[in-house]
Amino acid sequence: MVNQLEQQRQEAQNAANYWNSQIYTWGIVGWQRGRSGRQNPIYGTIYNPQAVAYRNEAQAAANMAAQYRDIAAQKAQELTAALQPQITALQQQVSGQQQQLQSLVQQQQTLQNQPQPAIAAP
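I will try to describe carefully the structure that is included in this document.

Conventions and cut-offs
- Residues numbered from 1 in each chain as written.
- Predicted model: local features only at pLDDT ≥ 70, side-chain atom pairs only at ≥ 80, totals over all residues.
- Heavy atoms only, no water.
- Pairing = 2+ DSSP bridges.
- Helix = DSSP H or I, 4+ residues; strand = E, 2+ residues; numbered from the N terminus.
- Patch = residues over 30% accessible without salt bridge, like charges linked within 9 Å, V, L, I, M, F, W, Y side chains within 5 Å.
- Areas by Shrake-Rupley, 256 points an atom, 1.4 Å probe, with all protein chains shown as cover.
- Salt bridge = Lys/Arg side-chain N within 4 Å of Asp/Glu carboxyl O.
- Buried < 20%, exposed > 50% of the residue type's maximum accessible area, 1.4 Å probe, protein only.
- Bend = angle between axes of the 7 residues up to and from the residue.
- Contact = heavy atoms within 4.5 Å.
- Expected span 1.5 Å × (residues − 1).
- Arc of directions from axis to C-beta.

Another point: the pairing of strand 2 (residues 39-47). Bridge count between strand 1 (residues 24-33) and strand 2: 9 bridges; the pairing is antiparallel. Residue pairing across strands places Arg33 opposite Gln39, the latter belonging to strand 2. Taking the residues that link successive antiparallel strands as the turn, the strand 1-strand 2 hairpin has 5 residues, and the phi of Gly37 there is positive, at about 95°.

Put into structure tokens, the structure is as follows:
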């Protein structure tokens, strides 16, 4: 969950960064008649107010995803802390059962390695 929220935040931040780069672009801002009578382009900075709106929207989404990510991380940490005593108890129980299993396997091997008594024919 935390990783998904971080991915969403990164995607929104990337979109905000892109739109921020599109607020001012370089392009033709006008035309000027040259000596020969031809129209020559005049280049300059073009302001794109729609890019500002898109940038602000994407940045707000990135900020919200970051808040949700932080809340999810905190809740996960709290849950882990609350469950830690149970986790520890279960780990100890599993360890004890593994030791018991190992002891039973050793007993079985010992029994299998003992010579079988001969059965007398009637």
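Further remarks concern a nonpolar patch on the surface. A grouping of Trp26, Ile28, Trp31 and Tyr43 is seen on the molecular surface, where their side chains present a nonpolar patch of about 530 Å² in accessible area. By the secondary structure assignment, Trp31 is in strand 1.

Turning to the pattern of salt bridges, a few remarks are in order. One pass over the full model with this rule turns up 4 salt bridges. The residue Arg69 makes a salt bridge to Glu6 at a minimum N-O spacing of 2.5 Å. Of this pair, Arg69 sits in helix 2 (residues 49-113) while Glu6 sits in helix 1 (residues 2-21), and the two are 63 residues apart along the sequence. The exposure classification of Arg69 matches that of Glu6, with both residues buried. The residue Asp70 makes a salt bridge to Arg69 at a minimum N-O spacing of 2.9 Å. Asp70 sits in the partly exposed class, given a relative accessible area of 44%. Several salt bridges converge on common partners, so that one network encompasses Glu6, Arg9, Arg69 and Asp70.

A few words now on helix 2. At Leu83, helix 2 is bent by approximately 50°, the largest bend along its length, and proline Pro85 sits one to four residues beyond. The set of residues buried in helix 2 consists of Ala51, Val52, Ala58, Ala62, Ala65, Ala66, Arg69 and Ala72. In this structure, the buried residues of helix 2 make contact with helix 1 and strand 2.

Attention now moves to helix 1. Taking 1.5 Å of rise per residue, 20 residues should cover 28 Å, and helix 1 covers 29 Å from first to last C-alpha, within 8% of that figure. All buried positions along helix 1 are accounted for by Leu5, Glu6, Arg9, Ala12, Gln13 and Ala16. For helix 1, the angular spread of buried residues about the axis comes to 130°, placing them on one side. Of the residues in helix 1, the exposed ones pointing more than 90 degrees away from the buried face are Asn3 and Asn14. In this structure, the buried side of helix 1 is in contact with helix 2.

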